[in-house]
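Tertiary structure, described
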Amino acid sequence: MSDLYAGIDLGGTKVACALGNTEDGIVARTTIPTNSWEGSDRVLERIADAVGGLVQETGKRPKAAAMGVPGLADLQEGVTKLLPNLPGKWEGVDVRGGLQPRLECPVYLLNDVRSATLAEFTFGRKRQVDTMALFAVGTGIGGGVVIGGELRLGPLGQAGELGHQIVVPDGPLCGCGNRGCLEALASGTAITSEAVRLLIGGECPRLHELTGGDASKVDAGKVGEAAAGGDESMRWVLERAGYYIGIAACNVIVTIHPELVVIGGGVARVGDLLLEPIRRTVAERLYMMPVEDIRIEPSVLGGDAGMLGALACAEGDGLIGAA
Ligand SMILES: [Zn+2]
């Protein structure tokens, strides 16, 4: 067996850990609850124990480890800067200092959507594209870009924040503090809030049926179900989100001319109801290059993407030289 690497995906509710490599994929894996309220020290200790269990199982220590994190991190120092959805926000947590002595190998950090982009490129597409972009549409909108076969990180690891490009200059306030970001217009949160407004206005009988009229039960999946079940207004909500993602995709396409734009994340599971307006918008609004050469496709990886990307990142020495 070739050398093994550790890929860790730190999420708000669970941490997925694997040993493997880009040739053999995942060799051993485990998942533990994040329980972030215990404090970052304890979380890191439990992650090290989980990886330790995998080392025992395979009889091999990882050559390097990488962890995808839901937010911003200092990649050079291996310190988290801001993980907004974790209790305590993990400002300045020295992940490398906490894990490296326990795992006895170099430890790297990466944003979780950049990690998913790397996974899509390495495992999903077998490195058969040269340049691609990924939009991860979930609660927020994350992103990543691969240019000339390399994940583009930029000096701060923040290149590829596709959800925070401005698509409506004076649009709604975004969580980042700016206005009119794609995330504020087309994320699962934006879709849900628009759907709730229409639910209260009595504009969506099918959604009303699915949720019993309870706004707290509305999510993007239910919006998709209601749209498929005949609610025209819910179809329009997804159509509008797809339109904005399509405009954002046009902006990225003219910037990097990718062969492939991947639409991933939980909201993308509504399928063609979202994909079709994205494709239509790109077909109508892209003028600078031939649209037929650019594929717009759903992600081919499931929930393992973050962990797989972390594996590839570890194998690539944290990609730190690639900035
Ligand atoms: Zn923003």
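Refer to the structure printed above.
Remember, predicted model here, so these are calculated numbers, not experimental data.

**Concerning the overall build of the protein chain**
Summing up its helical and strand segments, the protein chain has 10 helices and 13 strands in all. In terms of overall dimensions, the protein chain is globule-like: its C-alpha atoms have a radius of gyration of 20 Å, near the 20 Å expected for 323 residues. For the C-alpha atoms alone, the extent of the protein chain along its principal axes is close to 60 × 45 × 35 Å. When the 323 residues of the protein chain are sorted by exposure, 49% land in the buried category. Residue pairs at least 24 apart in sequence account for 62% of intrachain contacts in the protein chain once pairs closer than 6 positions are excluded.

**Let's talk about the environment of Ala136**
With respect to the helices, strands and loops of the structure, Ala136 is situated in strand 9 (residues 132-137). A tally of 28 C-beta atoms within 10 Å means that Ala136 is categorised as buried. Taking the C-alpha atoms as reference points, Ala136 and Leu118, separated by 18 residues in sequence, lie 13 Å from one another. Those residues within four positions of Ala136 in sequence are excluded, and the remaining contacts are Val113, Ala116, Ile141, Gly142, Gly143, Gly264 and Gly265.

Cut-offs and rules
- Residues numbered from 1 in each chain as written.
- Predicted model: local features only at pLDDT ≥ 70, side-chain atom pairs only at ≥ 80, totals over all residues.
- Helix = DSSP H or I, 4+ residues; strand = E, 2+ residues; numbered from the N terminus.
- Rg over C-alpha atoms; globule rule 2.2 N^0.38 Å.
- Buried ≥ 20, exposed ≤ 12 C-beta atoms within 10 Å, placed from the backbone.
- Contact = placed C-beta atoms within 7 Å.

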